[in-house]
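The chain contents come next:
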Amino acid sequence: MRGRRSQQQRVQEAIFHEAAALRKFDMHRSYRYKDFIIAVNAESIEGIPNGKVLSLPVGYIAVVHISSGASSKPIRQLSFGQDNGRPFASEAEAVMRGYGAAQCTIDGMITVRTSPSTG
């Protein structure tokens, strides 16, 4: 269990440093699901600046990194908003939808691996 925690911490630190380099500090969550680590970030989509007024976020997109428990290198990366192409209304919605999409992706990867080959 301790090895898994340190692996997850390494993934979180790598994503944190990447976000720091890009000056993006939005909501971040990490989850374990079926021997995979899912790291989900909600990144803000900023509106058009209006003069000297700072722009406020108009929404959020989910940025998802899926890695196996054995490696911190992501094996899948996803970035998306709502089905209609619009951003999510809140950081929480982006994170939860990102987590759900990652679960579906992992389930699909497991199904492909365990399916008998046809040939």
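Since the model is a prediction, treat every value here as computed from it, not as a measurement.

### Side note on the overall build of the protein
- In terms of helices and strands, the protein carries two helices and four strands.
- Order of helices (α) and strands (β) in the protein, N terminus to C terminus: α-β-β-β-β-α.
- Expressed as a percentage of the 119 residues in the protein, the buried residues total 28%.
- Long-range pairs, those at least 24 residues apart, make up 52% of the contacts in the protein with a sequence separation of at least 6.
- Total accessible area on the protein stands at roughly 8100 Å², and carbon and sulfur atoms take up 53% of it.

### A word on the nonpolar core
- Among the nonpolar cores identified, the biggest contains 16 residues, and Ile38, Val40, Val64, Ile66, Ala94 and Ile106 are the most heavily contacted of them.
- Residue assignment for this core shows that the elements contributing at least two residues are strand E2 (36-46), strand E3 (57-68) and helix H2 (91-114).
- It is H2 that provides the largest number of residues to this core, a total of six residues.
- Apart from the residues within four sequence positions on either side, isoleucine 66 is in contact with Phe36, Ile37, Pro74, Ile75, Arg76, Ala102, Thr105 and Ile106.

### Considerations on the side chain of asparagine 41
- Within the secondary structure, asparagine 41 is located in strand E2.
- One polar contact links asparagine 41 to histidine 28, side chain to side chain, over a distance of 2.6 Å.

### Thoughts on the packing of aromatic side chains
- By the definition in use, this model includes two aromatic pairs.
- Geometrically, the ring pair formed by phenylalanine 80 and phenylalanine 88 is edge-to-face, given 6.2 Å between the ring centres and 80° between the ring planes.

### Focus on the pattern of salt bridges
- This model, assessed by the stated rule, comprises two salt bridges.
- A salt bridge links aspartate 107 to lysine 34; the shortest N-O distance between them is 2.8 Å. Of this pair, aspartate 107 sits in helix H2 while lysine 34 sits in the loop between strand E1 (28-33) and E2, and the two are 73 residues apart along the sequence.
- Overall, the relative accessible area of 47% leaves lysine 34 in the partly exposed class.
- Between arginine 97 and glutamate 93 there is a salt bridge, and its shortest N-O distance comes to 3.4 Å. Here arginine 97 and its partner glutamate 93 are both found in helix H2, four residues apart, which amounts to about one turn of the helix.
- Owing to a relative accessible area of 48%, arginine 97 belongs among the partly exposed residues under this scheme.
- Exposure remark for glutamate 93: the relative accessible area of 23% places this residue in the partly exposed category.

### A word on the environment of leucine 78
- Tracing the chain through its elements places leucine 78 in strand E4 (residues 76-80).
- Classification of leucine 78 as partly exposed rests on a relative accessible area of 24%.
- Spatially, the C-alpha atom of leucine 78 lies 8.3 Å from that of glycine 98, the residues being 20 residues apart in sequence.
- In this view, leucine 78 contacts Ala62, Val63, Val64 and Thr105; residues no more than four positions away in its chain are not counted.

Parameters and conventions
Residues numbered from 1 in each chain as written. Predicted model: local features only at pLDDT ≥ 70, side-chain atom pairs only at ≥ 80, totals over all residues. Heavy atoms only, no water. Helix = DSSP H or I, 4+ residues; strand = E, 2+ residues; numbered from the N terminus. Buried < 20%, exposed > 50% of the residue type's maximum accessible area, 1.4 Å probe, protein only. Contact = heavy atoms within 4.5 Å. Areas by Shrake-Rupley, 256 points an atom, 1.4 Å probe, with all protein chains shown as cover. Core = buried A, V, L, I, M, F, W, Y, C linked by side-chain atoms within 4.5 Å. Polar contact = N/O pair within 3.5 Å; in protein donor to acceptor, adjacent residues only side chain to side chain. Phe/Tyr/Trp six-rings, centres within 6.5 Å; stacked < 30°, edge-to-face > 60°. Salt bridge = Lys/Arg side-chain N within 4 Å of Asp/Glu carboxyl O.

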